[in-house]
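Topology and contacts: notes
For reference, the chains in residue letters:
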Amino acid sequence: DVKVTQSSRYLVKRTGEKVFLECVQDMDHENMFWYRQDPGLGLRLIYFSYDVKMKEKGDIPEGYSVSREKKERFSLILESASTNQTSMYLCASSSDPGLAGGSSYEQYFGPGTRLTVT
Amino acid sequence: QQPVQSPQAVILREGEDAVINCSSSKALYSVHWYRQKHGEAPVFLMILLKGGEQKGHEKISASFNEKKQQSSLYLTASQLSYSGTYFCGTVGSYGKLTFGQGTILTVHP
């Protein structure tokens, strides 16, 4: 059974803190993604990675960075958390070896991390 | 640019039908549909590729009109388990999947 896990379901951090969100997939997928989900805005892509140590900016990369040192693990980093980064963060993976996002491959999502920055 | 979904929300009684539309301003190569139940991860429903095909998944089916850059999701004889937020995702020329804002579907007994 395919699985994407995220390190925390809930996280509370203070403004200015450095925050790490971890995602692990056990499907040997090439592509991994980080989204944030906000009411009325849907899922917006922050960053994605199509291979180890490779990364591409998504639609809203400002204030975030990512790291992919191993194929199964993709980390999202908030260098200095701000209150406008309070959101639900979803990680996903897919096996599409071609273009990012996968024109014909489904994405598997993790359960999400609800981050609150105070 | 995000595709636009309509309606934003729909309320049904069990057994009723619903249609959710997804529209893009750019040429599309494929459309994905996902459903997210409250407190859970989004789950894949189906992918529609260029060619105007219609696909089905239980009593949920979808169509894709690439000329109009639109897709529609059809929910027939809705069940309580259909409640959730439905997202379309569109794939354009750069291959990136971009999700719409979601449609909240609520089915009452």
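These notes cover the structure that comes with them. Residue positions are counted from 1 within each chain, in the order its sequence is given. Starting at A for chains and at 1 for ligands, labels are handed out in the order in which the entities are written. For a predicted model such as this one, the threshold for reporting local features is a pLDDT of at least 70, and the threshold for listing and counting side-chain atom pairs is 80 or more; totals across whole chains, interfaces and linings nevertheless cover every residue. Where side-chain values are given, they derive from all heavy atoms of the structure, hydrogens and water being excluded.

**Observations regarding the overall build of chain A**
- In this text, helices come from DSSP runs of H or I with a minimum length of four residues, and strands from runs of E with a minimum of two, each type numbered from the N-terminal end. The helix and strand inventory of chain A stands at zero helices and eleven strands.
- In summary, chain A has a C-alpha radius of gyration of 13 Å against a globular reference of 13 Å for 118 residues, a match within 12%.
- Along the longest, intermediate and shortest principal axes, the C-alpha atoms of chain A span 40 × 30 × 25 Å.
- For each residue, the accessible area found with a 1.4 Å probe, counting protein chains only, is set against the maximum for its type, and the residue is called buried under 20%, exposed over 50%, and partly exposed in between. Counting all 118 residues of chain A, 49% fall into the buried class.
- By definition in these notes, contact holds between two residues if any of their heavy atoms fall within 4.5 Å. For chain A, the proportion of contacts with a sequence separation of at least 24, taken over those separated by at least 6, is 57%.
- Areas reported as accessible are Shrake-Rupley estimates using a 1.4 Å probe. Residue values count occlusion only from the protein chains shown. When the accessible surface of chain A is summed, it comes to about 5600 Å², and 49% of that surface belongs to carbon and sulfur atoms.
- Taking the average place of the 15 positive charges on the side chains of chain A and the average place of its 16 negative ones, the gap between the two points comes to 7 Å. All radius of gyration figures rest on C-alpha atoms, and the globule criterion is 2.2 Å times the number of residues raised to 0.38. Working convention for charge: Lys and Arg count positive, Asp and Glu count negative, and His plus the chain ends are omitted. Each charge is placed at NZ for Lys, CZ for Arg, CG for Asp and CD for Glu.

**Quick word on the pattern of salt bridges**
Residues and elements named next belong to chain A.
- By convention in these notes, a salt bridge is any Lys or Arg side-chain nitrogen within 4 Å of a carboxyl oxygen on Asp or Glu. Going through the model one piece at a time under the given rule, you end up with six salt bridges over all chains.
- Here Lys 18 makes a salt bridge to Glu 79, at a shortest N to O gap of 3.5 Å. Separated by 61 residues along the polypeptide, Lys 18 in the loop between β2 (10-13) and β3 (19-25) and Glu 79 in the loop between β8 (73-78) and β9 (87-94) bring together distant segments of the chain.
- A relative accessible area of 43% means that Glu 79 is categorised as partly exposed.

**Re the sheet that holds β3(A)**
Residue and element names in this part refer to chain A.
- On the basis of which strands lie adjacent, the open sheet formed by four strands has the order β1-β3-β8-β7 and antiparallel pairing. Looking at the sheet topology across the chains shown, the edges are occupied by β1 (4-6) and β7 (64-70). Put simply, the sheet's adjacent strands are angled 20 degrees from each other on average, direction ignored.
- Two strands are said to pair when DSSP picks up at least two bridges between them. For β3 and β8, the ladder comprises six bridges, and the chain directions are antiparallel. Counterpart to Val 24 in the pairing with β8 is Arg 73. Convention adopted: a line fitted to C-alpha atoms gives each axis, helices being fitted over their contacting stretch, and angles between N-to-C directions are expressed from 0 to 180 degrees.

**Examining the interface of chain A and chain B**
- On the side of chain B, 21 residues touch chain A, which itself brings 24 residues to the contact.
- Buried area between chain A and chain B, both sides added, is near 1700 Å², and the carbon and sulfur share of it is 57%.
- The term polar contact refers here to a pair of N or O atoms within 3.5 Å; inside protein, the definition further demands a hydrogen-donor-capable atom paired with an acceptor-capable atom, and it admits residues adjacent in sequence only when both atoms are side-chain atoms. Between the two partners, chain A and chain B, sit four residue pairs in polar contact (both at pLDDT 80 or more).
- Counting residues per element, the ones that place at least two in the side of chain A that touches chain B are β4 (31-38) and β5 (42-51) of chain A.
- The element contributing the most residues to the side of chain A that touches chain B is β5(A), with five residues.
- The classification used treats Ala, Val, Leu, Ile, Met, Phe, Trp, Tyr, Cys and Pro as nonpolar, Asp, Glu, Lys and Arg as charged, and all other residues, Gly among them, as polar. Classifying every residue of the side of chain A that touches chain B by side-chain character gives eleven nonpolar, nine polar and four charged. Buried area, as used here, totals the accessible surface that two parts lose on assembly, with accessibility defined by a 1.4 Å probe and the loss added over both.

**Here's the deal with the state of the cysteines**
- Whenever a pair of cysteine sulfur atoms sits within 2.5 Å, that pair is classed as a disulfide. Evaluation of the coordinates by the stated rule reveals two disulfides over all chains.
- Residue Cys23(A) pairs covalently with Cys91(A) via a disulfide, S to S 1.9 Å. Because the sign of the S-S torsion sets the handedness, a value of about -75 degrees for the bond joining Cys23(A) and Cys91(A) places this disulfide among the left-handed ones. Taken together, the positions of Cys23(A) in strand β3 and Cys91(A) in strand β9 put the pair 68 residues apart, joining distant regions of the chain.
- Exposure remark for Cys23(A): the relative accessible area of 0% places this residue in the buried category.
- With its sulfur 2.0 Å from that of its partner, Cys22(B) forms a disulfide with Cys88(B). Here the S-S torsion is close to 70 degrees, and the disulfide linking Cys22(B) with Cys88(B) is therefore right-handed. One end of the pair, Cys22(B), is in strand β3 (residues 18-23); the other, Cys88(B), is in strand β9 (residues 84-91), with 66 residues separating them in the sequence.
- Classification of Cys22(B) by relative accessible area gives buried; the value is 2%.

**A word on the pairing of strand β7 (residues 60-65) of chain B**
Residue and element names in this part refer to chain B.
- With five of six residues buried, β7 lies mostly within the body of the structure.
- One ladder, built from six bridges, connects β7 with strand β8 (residues 70-75); its direction is antiparallel. Paired with Phe 64 across the bridge in β8 is Ser 71.
- Hairpin geometry of β7 and β8 is characterised by an intervening segment of four residues between the two adjacent antiparallel strands and by a positive phi of about 55 degrees at Gln 69.

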